[in-house]
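Inside the fold
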Amino acid sequence: MMFTWRNFFFLVLLHSVFTGYVAAKVIPVRPGNNVQALIDRAKAGDTLLISKGYYKQHSLVVKKKLTLIGRDYPVFDGLGKYEVLFIYADSVVVKGLQVQNIGKSSMNDLAGIKVSDHRDVVITGNRIINGTYGIYLQNSKFCVVKGNYIQSNATDELSSGNGIHAWKSTDLLILDNIISGHRDGIYFEFVSNSTIRNNRSFRNVRYGLHFMFSNNDRYEYNKFSENGAGVAVMYSKVVTMVGNIFIHNWGDASYGLLLKDISDSRISNNRFLKNTVGIYMEGTSRIEVNQNTFEENGWALRVQANSSGSNFHRNNFVGNSFDVATNGTLMLNYFSNNYWDKYDGYDLDKDGTGDVPYYPVSAYSVITEQVPVAMILYRSFLSGLIEMVEKILPTLIPDQMKDDRPLIKRINLHDRNTPVN
């Protein structure tokens, strides 16, 4: 073969690919081994296969592309003082480990597994137990957090951290995780273009999911239950919320979903079941709320007067104490073609919509917005009398807040893409 520079460079490339392939090894790890030393000696692309057992080792640092695979959940213990695993490299995979007893600190956010300033990291199928922060993503991109069990026993906000915590990151996928017992189950701050899908977040001290300053994200087909204050989306825009269940978020300051200062977002095909408030909206604008079910909540919707430009259409309102409450008198949001179980109008032309409007704000809800202690008399003879008088001589209800085309029959929703059980 005639020598040419093209042939030379081809042979060099072939040699580098072949030797790189041959060099990649599977390194067995057993209890008693110095795991950090094995990590340091491994070459990029190697796999550490970690046997079942107890590893009294912590503060492990990975600075190269490695795959760490646990067999039968080998246990790494932070002894209540330390973090367990730091990842400072791209394309690291961590699978099948049990990380437990992460320490607490007033100065640093200690986590079971922490990724900092890198991308394409996959954290999947791990158990993270009794941790301040479970999985922590900091300034990271294109990372996947999938199928992890993250459980702690937090009792207050100050001494606890978040199950999955993401800060200043982009293009994340948070999928199929089970999270409980933290301050917030999932926390996003300055996170963009990311998806949270099919997770269960329950019995957390504050929020099952907490968004702050995070735009162009979506969360879908998750279940948020029995959290201290429900789910909060704050100071964000272009957030898509589809197919989720918000259930049993009860308490004086609890919501299925709290929206504060968000805009240009969509809430569709969700179920709000047995929450103190289904959705609370403050300072919101241009939100599409459609094809949701609000059932057996205290308040289905509480829409503050500084919220405007939102559309509520084709939703079911069933068995709520109050369908809609507001602290204003102007109609700045729009209701149409919703089903209201309290609607007692008629449909003479049989087109499926009522011939008279429905006013979803009740007189007593207006009173309790101004005088919260009046809730003590709810469902009493006095509250019933007020509602009767208001129907005859309306004075309290915002007359512009109405659904001109209320549906006669409940809409059949949620047949597809049912959230996790």
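Residues numbered from 1 in each chain as written. Predicted model: local features only at pLDDT ≥ 70, side-chain atom pairs only at ≥ 80, totals over all residues. Heavy atoms only, no water.

Attention shifts here to the overall build of the chain. Along its length, the chain carries 4 helices and 39 strands. Per-residue burial for the chain yields a buried fraction of 51% across its 421 residues. Within the chain, counting contacts between residues at least 6 apart in sequence, those at least 24 apart form 48% of the total. Carbon and sulfur atoms make up 55% of the accessible area of the chain, which amounts to about 19,600 Å² in all. (Helix = DSSP H or I, 4+ residues; strand = E, 2+ residues; numbered from the N terminus. Buried < 20%, exposed > 50% of the residue type's maximum accessible area, 1.4 Å probe, protein only. Contact = heavy atoms within 4.5 Å. Areas by Shrake-Rupley, 256 points an atom, 1.4 Å probe, with all protein chains shown as cover.)

With respect to the helices and strands, the residue Ser310 is situated in the loop between strand S34 (299-303) and strand S35 (311-313). Among the polar contacts listed, one links the side chain of Ser310 to the backbone nitrogen of Ile287, at a separation of 3.1 Å. With near-sequence residues (within four places) excluded, Ser310 lies in contact with Met281, Thr284, Ser285, Arg286, Ile287, Leu332, Asn333 and Tyr334. (Polar contact = N/O pair within 3.5 Å; in protein donor to acceptor, adjacent residues only side chain to side chain.)

Time to look at the packing of aromatic side chains. In the structure shown here, the tally under the stated rule is 19 aromatic pairs. Between Phe190 and Phe213 the ring centres are 5.2 Å apart and the planes differ by 10°, which places this aromatic pair in the stacked class. A residue pair is termed long-range when its members are at least 10 positions apart, and Phe190 in strand S19 (residues 186-192) and Phe213 in the loop between strand S22 (207-212) and strand S23 (217-220) qualify at 23 residues. With a centroid separation of 4.9 Å and 10° between ring planes, the pair formed by Phe294 and Phe317 is classed as stacked. Here Phe294, found in strand S33 (residues 293-295), pairs with Phe317, found in strand S36 (residues 316-318); they are 23 residues apart in sequence, far enough to count as distant. Accessibility classification places Phe294 together with Phe317 in one group, the buried group. The cationic tip of Lys114 hangs over the ring face of Tyr136; the distance from NZ or CZ to the ring centre is 4.7 Å. Cation over ring: Arg302 sits above Trp299, and NZ or CZ is 4.8 Å from the ring centre. (Phe/Tyr/Trp six-rings, centres within 6.5 Å; stacked < 30°, edge-to-face > 60°. Lys NZ or Arg CZ within 6 Å of the ring centre and 35° of its normal.)

Turning our eyes to something else, we now look at the environment of Met281. Here Met281 shows up in strand S31 (residues 277-282). On a C-alpha basis, the gap between Met281 and Asn306 in space is 8.8 Å, while along the polypeptide they are 25 residues apart. If sequence neighbours within four positions are ignored, Met281 has contacts with Leu259, Ile287, Arg302, Val303, Gln304, Ser307, Ser310 and Phe312.

On to the pairing of strand S25 (residues 230-234). For S25, a buried count of 5 out of 5 residues is recorded, marking the element as mostly surrounded by other parts of the structure. Of the pairings in the sheet, the one linking S22 to S25 comprises 5 bridges and is parallel in character. Paired with His210 across the strands is Ala232, a residue of S25. Relative to strand S28 (residues 257-260), S25 is paired through 4 bridges, and the arrangement is parallel. What sits directly across from Val233, in S28, is Leu259. (Pairing = 2+ DSSP bridges.)

Okay, the sheet that holds strand S13 (residues 133-138) next. Taken in spatial order, the 12 strands of this open sheet run S4-S7-S10-S13-S16-S19-S22-S25-S28-S31-S34-S37, and their pairing is parallel. Each having just a single partner strand, strand S4 (60-62) and strand S37 (322-325) make up the two edges of the open sheet. The average angle at which neighbouring strand axes cross in this sheet is 10°, direction not considered. Relative to S34, S31 runs parallel, the two sharing 4 bridges. From the neighbouring strand, Tyr280 faces S34, where its bridge partner is Arg302. (Axes fitted to C-alpha atoms, helices over the stretch in contact; angles between N-to-C directions.)

Glancing now at unusual backbone geometry. Of note, Asp72 is a non-glycine position whose phi angle comes to about 60°, a positive value. Along the chain, the position of Asp72 falls in the loop between strand S5 (67-70) and strand S6 (75-77). Here Tyr235, not a glycine, exhibits a phi torsion of approximately 50°, which is positive. With respect to the helices and strands, Tyr235 occurs in the loop between S25 and strand S26 (239-242).

Structurally, Asn33 can be placed in the loop between strand S1 (26-29) and helix H2 (35-41). Given the relative accessible area of 27%, Asn33 is considered partly exposed. Along the backbone, Asn33 and Gln57 are 24 residues apart, and their C-alpha atoms lie at a distance of 9.8 Å. Residues in contact with Asn33, not counting those within four places in the same chain, are Pro28, Leu38 and Gln57.

So, on to the side chain of Asn275. By secondary structure assignment, the location of Asn275 is in the loop between strand S30 (271-273) and S31. Look at Asn275 and you get buried, because its relative accessible area is 0%. Dropping the residues within four chain positions of it, Asn275 is found in contact with Phe246, Ile247, His248, Asn249, Trp250, Gly256, Glu296, Asn297 and Gly298.

This part takes up the confidence of the model for the chain. Overall, the predicted model of the chain reaches an average pLDDT of 87, with 83% of residues at or above 70. Scored below 50 in pLDDT, residues 416-420 shows 16 contacts in the model against residues more than four places distant or in partner chains. (pLDDT = per-residue confidence, 0-100.)

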